[in-house]
Amino acid sequence: MSQEEVEILKRALARERASRKAAEEILEAKSAELYDLNQKLEASHKELITLYSKTSSQLQGVFENIVDAYVIIDLWGNVLKMNKAAIDLLGFNSNDEDVNLMKLVVPEEVYRIEPSFKSLLENGSITDFKVNILTKNNEQKLVHINASTIYEDGKAVAAQGIVRDITLENKYQQALVAEKQKYGNIIANMNLGLVEVNNEDQILMVNQSFEQISGYDEDELIGKTAGDIFQVDKENNIIKQENEKRLRGESNSYELKVKNKSGEIRYWLISGAPNYDLKGNVIGSIGIHLDITELKSLELQKEKLLQKLEKSNDELQEYAHIVSHDLKSPLRSIDALVSWLKEDNK
């Protein structure tokens with residue numbers, strides 16, 4: 001082998017050694033980077049495990065301690081899990097016995113379950129659904145349900161929902177409706193006219209009796225200002241003064257000269273009281289109206305009669321005075337003659 005060939009081999013060997021050293025340095029750098037990345041991944045994994053455990057614990061606490069009944073069911077209505085509130089509500093324990101919510105619905109309302117469950121699966125949620133169920137103790141309850149679908153890889157696998165017992169609330173609402181209807185009938189048919197106005201004296205409600213004494217239908221009065229329609233003496237500020245009293249929380253009665261729809265002058269006795277909202281703010285007033293026109297007419301007749309009697313009494317007293325004077329004159333003359341005769345006969 002010639003010297004030139006030896007030099008070529010030496011240079012090739014040197015380049016190979018340099019390339020190998022560079023490759024080793026690159027591998028060492030990459031190994032260091034991979035080690036650091038692996039350490040970071042392990043740290044992140046530990047953080048995720050901790051966070052998952054913490055979140056799971058929090059969710060479990062929420063699940064167990066939520067006030068309302070919380071239930072998880074499969075797509076056939078079988079209960080997979082329920083919290084204590086649900087156990088107390090239904091009387092069942094999914095850990096000890098099989099429970100199917102569909103079978104708890106009262107027979108009369110079973111037909112409503114299929115379309116509602118279909119809507120849950122198609123739309124992903126269902127709200128404000130009310131249905132009557134029978135508990136384990138055969139106690140019928142009206143429940144309010146808000147539910148949503150649980151998905152896994154985009155496919156519905158289960159459903160979860162909040163179930164509230166609204167049996168007492170429903171009975172209370174029914175009682176309120178019945179009471180409202182009862183008192184509404186009393187108000188509508190009472191012999192006294194009833195009017196509700198706001199703070200601007202705009203009419204909000206009238207009963208049938210007020211329609212009769214005013215001559216107006218309810219549709220003609222709602223939204224109108226009472227003083228503008230009925231008050232005869234527009235310069236009299238009595239309605240304004242009374243409304244100011246209502247704003248101060250005062251109640252009282254007063255008379256008002258009015259004109260009904262036919263233009264007839266009438267007199268009303270009005271007993272008004274402030275109307276409050278739930279926060280105690282005065283939002284208007286409620287007035288009871290009694291037509292006292294006939295009574296007022298009798299009072300006027302009585303006053304005229306009393307005036308006439310008083311005048312007659314004065315005239316009688318004057319006549320009696322004159323008669324008394326006329327009678328006393330001849331008596332005095334007779335007395336004088338008697339006195340004279342006595343003196344002549346002495």
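Treat the numbers as computed from the prediction; the structure is a model and nothing was measured.

Now for the overall build of the protein chain. Looking only at helices and strands, the protein chain features 9 helices and 10 strands. Within the protein chain, contacts between residues separated by at least 24 positions form 37% of all contacts whose residues are at least 6 apart in sequence. By element, 54% of the accessible surface of the protein chain is carried by carbon and sulfur atoms, the whole surface being about 24900 Å².

The subject of this paragraph is a negative patch on the surface. Together, Glu310, Asp314, Glu315 and Glu318 make up a region of like negative charge exposed at the surface. Mapped onto the secondary structure, Glu315 falls in helix α9 (residues 293-344). For Glu315, a relative accessible area of 45% gives the class partly exposed.

The sheet built from 5 strands is open, its strands ordered β7-β6-β10-β9-β8 with antiparallel pairing. For this open sheet the edge positions go to β7 (203-206) and β8 (252-259), each flanked by a neighbour on one side alone. The mean angle between the axes of side-by-side strands here comes to 30°, regardless of whether they run parallel or antiparallel. In this sheet, strand β9 (residues 265-276) lies alongside β8 in antiparallel orientation, the contact comprising 8 bridges. Note that in β9 the partner of Leu256 across the bridge is Trp268. Together, β8, β9 and β10 (282-291) form the strand contacts of helix α8 (residues 238-247), whose direction differs from that of β8 by roughly 150°.

Here we take up the sheet that holds strand β5 (residues 155-165). Strands sit in the order β2-β1-β5-β4-β3 across an open sheet of 5 strands; the sheet is antiparallel. Each edge of the sheet is formed by a strand with only one pairing partner; in this case those strands are β2 (79-82) and β3 (125-134). Across the sheet, the axes of successive neighbouring strands diverge by a mean angle of 30°, strand direction being ignored. Where β3 lies against strand β4 (residues 140-152), 8 bridges are found, and the strand directions are antiparallel. In the sheet register, Ile133 faces β4, and the bridge partner there is Lys141. Where helix α3 (residues 113-123) meets the sheet, it contacts β1 (69-73), β3, β4 and β5, and its direction lies at approximately 155° from that of β3.

This brings us to the pairing of β5. Two faces, one strand: in a regular strand the side chains alternate between the faces of the sheet. Sheet topology note: the β1/β5 ladder contains 5 bridges and is antiparallel. Across the sheet, Ile73 pairs through a bridge with Ala159, a residue of β5. As paired elements, β4 and β5 share 10 bridges and run antiparallel to each other. Looking at β5, one finds that Ile145 is bridged to Val163. The turn linking β4 back onto β5 is made up of 2 residues, and Asp153 within it adopts a positive phi angle of 55°.

What follows deals with the pattern of salt bridges. Counted by the stated rule, this structure contains 13 salt bridges. Taking the shortest distance from any N to any O, the salt bridge between Glu250 and Arg248 comes out at 3.2 Å. The salt bridge partner of Glu255 is Lys296, with a shortest N-O separation of 2.7 Å. Pair noted here: Glu255 is in strand β8 and Lys296 is in helix α9, with a separation of 41 residues, a long-range link.

A separate point is the nonpolar core. Counting residues in each nonpolar core, the largest one holds 25 residues, and the members touching the most others are Leu90, Val131, Ile133, Val143 and Ile145. Taken together, the elements giving at least two residues each to this core come down to β1, β2, α2 (84-90), α3, β3, β4 and β5. Among residues more than four places away in sequence, those in contact with Val131 are Val105, Glu109, Arg112, Ile113, Lys141, Leu142, Val143 and Ile145.

Turning our attention to the packing of aromatic side chains. For the structure shown, the criterion picks out 4 aromatic pairs. Their ring planes at 85° and their centres at 5.5 Å tell us that Phe210 and Phe230 sit as a pair that is edge-to-face. Remark: Phe230 occurs in helix α7 (residues 226-230) and Phe210 occurs in helix α5 (residues 208-214); sequence separation between them is 20 residues. By the burial criterion, Phe210 is buried, and Phe230 matches it. The class for Phe210 is buried, based on a relative accessible area of 2%.

Residues Ile113, Ser116, Phe117 and Leu120 constitute the buried set of α3. Along the axis of α3, the buried residues cluster in a sector spanning 95°; they form a single face. Structural note: α3 exposes Glu114, Lys118, Glu122 and Asn123 on the side pointing more than 90 degrees away from its buried face. In this structure, the buried side of α3 is in contact with β1, β3, β4 and β5. Phi turns positive one or two residues past the end of α3, at Gly124, with a value near 90°.

About the criteria used
- Sequence order as written defines residue numbering, which begins from 1 separately in each chain.
- Residue-level local features of this predicted model are given only where pLDDT is at least 70; pairs of side-chain atoms are given and counted only at 80 or more, and the full residue set underlies all totals for whole chains, interfaces and linings.
- Processing note: side-chain calculations cover all non-hydrogen atoms of the structure and skip hydrogens and water entirely.
- Secondary structure elements follow DSSP: runs of H or I no shorter than four residues count as helices, runs of E no shorter than two count as strands, and numbering proceeds from the N terminus.
- Whether two residues are in contact is decided by their heavy atoms, any of which lying within 4.5 Å being enough.
- Here the Shrake-Rupley method, with its probe set to 1.4 Å, supplies the accessible areas, and only the displayed protein chains count as covering residues.
- Here the term patch refers to residues with relative accessible area over 30% and no salt bridge, with like charges joined within 9 Å and nonpolar side chains (Val, Leu, Ile, Met, Phe, Trp, Tyr) within 5 Å.
- What counts as a salt bridge is simple: a side-chain nitrogen of Lys or Arg found within 4 Å of a carboxyl oxygen of Asp or Glu.
- Here Asp and Glu are counted as negative and Lys and Arg as positive; His is not counted, and neither are the chain ends.
- The atom standing in for a charge is NZ when the residue is Lys, CZ when it is Arg, CG when it is Asp and CD when it is Glu.
- Note on exposure labels: buried denotes an accessible area under 20% of the residue type's maximum, exposed denotes more than 50%, and partly exposed covers the range between, all computed with a 1.4 Å probe on protein chains only.
- Only strands joined by at least two bridges in the DSSP assignment are considered to pair.
- Lines fitted to the C-alpha atoms define the axes, with helices restricted to the stretch that makes contact. Angles between their N-to-C directions range from 0 to 180 degrees.
- In these notes, a set of buried Ala, Val, Leu, Ile, Met, Phe, Trp, Tyr and Cys residues joined through side-chain atoms within 4.5 Å is what counts as a nonpolar core.
- Side-chain rings of Phe, Tyr and Trp, where Trp is taken by its six-membered ring, are said to pair if the distance between their centres is within 6.5 Å; with planes under 30 degrees apart they count as stacked, over 60 as edge-to-face, and otherwise as tilted.
- As used here, the arc belongs to the directions running from the helix axis to the C-beta atoms.

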